[in-house]
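So the chains spell out like this:
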Amino acid sequence: MLRRLKESGHDVTVVPTASALEFVGAPTWAALSGKAVASDVWSSVHEVPHVRIGQEADLVLVAPATADLMAKAAHGLADDLLTNTLLTARCPVVFVPAMHTEMWEHPATQANVAVLRTRGALVMEPAEGRLTGKDTGKGRLPEPLEIFELAQDVLSRGTVSSDLAGRHVVVSAGGTREFLDPVRFLGNRSSGRQGIALAQAALARGAEVTLVAANVALPQPAGAHVVEVTTTEELRVAVLKAAAGADAVVMAAAPADFRPVHSETAKIKKAPDGSAPAIELVQNPDILKQLAAERLQPGQVVVGFAAETGDTTGSVLDLARAKLARKGCDLLVVNDVSGGAVFGSTDNEAVILGADGSETPVPRGAKSQIAHAIWDQVVPRLA
Ligand code: CTP
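First, a word on scope: everything that follows refers to the structure included in this document. (Residues numbered from 1 in each chain as written. Predicted model: local features only at pLDDT ≥ 70, side-chain atom pairs only at ≥ 80, totals over all residues. Heavy atoms only, no water.)

### Quick word on the sheet that holds strand S11 (residues 248–251)
Working definition: the strands of a sheet are paired by backbone hydrogen bonds and lie parallel or antiparallel to each other.
Inference 1: One open sheet accounts for eight strands, arranged S10-S9-S6-S11-S14-S15-S16-S17; its pairing is mixed. Every other strand in the sheet has two partners, leaving strand S10 (225–229) and strand S17 (359–366) as the edge strands with one partner each. Taking each pair of neighbouring strands and ignoring which way they run, the sheet shows an average axis angle of 20 degrees.
Inference 2: Pairing of strand S6 (residues 168–174) with S11 involves four bridges; the strand directions are parallel. By the bridge assignment, Ser172 is partnered in S11 with Met251.
Inference 3: Here helix H11 (residues 232–243) sits on the sheet in contact with S6, strand S9 (208–214), S10 and S11, set at roughly 165 degrees to S6. (Pairing = 2+ DSSP bridges. Helix = DSSP H or I, 4+ residues; strand = E, 2+ residues; numbered from the N terminus. Axes fitted to C-alpha atoms, helices over the stretch in contact; angles between N-to-C directions. Contact = heavy atoms within 4.5 Å.)

### A short note on the packing of H11 against helix H12 (residues 287–294)
Inference 1: Their axes nearest at 10 Å, the elements H11 and H12 cross at an angle of 25 degrees. With respect to each other, H11 and H12 are oriented roughly parallel. As for the relative orientation of H11 and H12, their crossing is right-handed in sense. Of H12, the residues touching H11 (which contributes Thr232, Leu235, Arg236, Val239, Leu240 and Ala243) are Ile287, Gln290 and Leu291.
Inference 2: Classifying every residue of the contact of H11 with H12 by side-chain character gives six nonpolar, two polar and one charged. (Parallel < 35°, antiparallel > 145°, perpendicular 65-115°, else oblique. Left-handed = near helix turned anticlockwise from the far one by under 90°. Nonpolar A, V, L, I, M, F, W, Y, C, P; charged D, E, K, R; others polar.)

### What to know about the nonpolar core
Inference 1: One finds Leu198, Val209, Val303, Ile374, Trp375 and Val378 to be the most contacted residues of the largest nonpolar core, which totals 35 residues.
Inference 2: Sorting the residues of this core by element identifies S6, helix H10 (193–204), S9, S11, strand S14 (301–308), strand S15 (331–336), strand S16 (347–354) and helix H14 (367–378) as the ones contributing at least two each.
Inference 3: In terms of residues, this core owes the most to one element, H10, which gives seven residues.
Inference 4: Discounting residues that sit within four places of it in the chain, Trp375 has contacts with Leu164, Val169, Val171, Leu198, Ala201, Ala202, Arg205, Ala248 and Val250.
Inference 5: Judged by nonpolar contacts, the second largest core, of 28 residues, contains Val229, Leu235, Ala292 and Ala320. (Core = buried A, V, L, I, M, F, W, Y, C linked by side-chain atoms within 4.5 Å. Buried < 20%, exposed > 50% of the residue type's maximum accessible area, 1.4 Å probe, protein only.)

### Side note on the pattern of salt bridges
Inference 1: In this structure the tally under the stated criterion is 18 salt bridges.
Inference 2: Arg117 is the salt-bridge partner of Glu125, the closest N and O atoms lying 2.8 Å from each other.
Inference 3: The exposure class of Glu125 is partly exposed, given its relative accessible area of 21%.
Inference 4: Salt-bridge contacts for Asp247 lead to Arg167; the nearest nitrogen and oxygen are separated by 3.4 Å. Placement of Asp247 in the loop between H11 and S11 and of Arg167 in the loop between helix H9 (144–157) and S6 is noted, with a sequence separation of 80 residues between them.
Inference 5: We classify Asp247 as buried; its relative accessible area is 14%.
Inference 6: Among the charged side chains, a salt-bridge network with shared partners connects Glu47, Arg52 and Glu56. (Salt bridge = Lys/Arg side-chain N within 4 Å of Asp/Glu carboxyl O.)

### Some words on a nonpolar patch on the surface
Inference 1: Together, Leu186, Phe258, Ile279 and Leu281 make up a nonpolar patch on the protein surface, roughly 340 Å² of accessible area in all.
Inference 2: Note on placement: Leu281 falls in strand S13 (residues 281–283).
Inference 3: Judged by its relative accessible area of 40%, Leu281 falls in the partly exposed class. (Patch = residues over 30% accessible without salt bridge, like charges linked within 9 Å, V, L, I, M, F, W, Y side chains within 5 Å. Areas by Shrake-Rupley, 256 points an atom, 1.4 Å probe, with all protein chains shown as cover.)

### Considering the site of the ligand
Inference 1: In the neighbourhood of the ligand, 13 residues make up the surrounding shell, with Met251, Ala253, Leu288, Phe305 and Lys323 lying closest.
Inference 2: A distance of 2.8 Å separates an oxygen atom of the ligand from a polar backbone atom of Phe305.
Inference 3: Alone, the ligand offers 580 Å² of accessible surface; in the complex the protein occludes 75% of this.
Inference 4: Elements represented by at least two residues in the shell around the ligand include exactly H12, S14 and helix H13 (316–327).
Inference 5: Here the element with the most residues in the shell around the ligand is H13; it accounts for three residues.
Inference 6: Residue classes in the shell around the ligand are distributed as seven nonpolar, one polar and five charged. (Near = heavy atom within 4 Å. Polar contact = N/O pair within 3.5 Å; in protein donor to acceptor, adjacent residues only side chain to side chain.)

By themselves these figures say nothing about function.
Here you go:
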């Protein structure tokens, strides 16, 4: 994380606790950060570091955050440089908990996390997976890249928002596959990046997130309930199930519009005469349209995506307006794909159309910025 932050141009001061130095020594932090490192308040006292570091910071990132550190922070204790820094900082503060499942689930830890969140800190949900011992469970430190992206996100927004706290949102991501036989499928190039960015942004804003992921090869966002699916029908069933009880559903996935009428149980063989088999297709159900028509929870906000090129019948936005009406959703995120690829790229630009006639352009930027722009439109429409 230190390397990533430094390489992206940030000035990073490392403030380890005495316990942290049992894992990685001060010389390592000093060499990598290019700055002196202290964990107590008695070094370089003439520079008043216990006040200055917090006051000058744009972000305080506590990673990993132990149960002990969060308990101290929740109660305002200040017995070392880090806890002093937390009391003097007026910038956004992000805690990234890492501990054993029992410690994370303990009511004391949960109460401390709730206090920190109430005071405006962003406490990331831990990842699930292998812990320090032989055990696995919730409490693992999320991947450094995910923490770094969250930090970048908070820095660029300059604030921590919790406007989705208490809300349950469903996001679909990736591209579905329709099998011709056990080894071949019809699929598409959707990577799932935009859906993952939407899930991460919603988690950062306090939501409970269900991510329905269709063939996504990217790491799962820490704290999301992930349901993995393959085909459009599986996606439909999983999204509808999660949508009952959700405040918002964002269909960022690219479901295959067609599936073969027959999926062979054995591999299709080449014909000796060189002929190719004809594949008969049938249309898949439109999940977005069904969600918009059924509204499984009163006041639920339904969001769709559209990749348009414009044609002789209309411009990109004309076609998108017509699609918004046809699908019956509340918001439609429109990507103009005439110029080239959106698939798999980390950058994107879009226009968000509202059923109420609103039109919000989102300038070219990281998919996380588009994700936040989408939630910015969803939040005021929530019941
Ligand atoms: N979608 C869906 N179910 C499908 C196909 C698409 O829910 N079977 C959703 C996508 O997740 C996305 C939006 O609908 O939010 C994209 O619509 P698009 O595929 O462009 O719609 P089509 O109706 O296929 O558009 P077109 O008529 O332009 O092919």
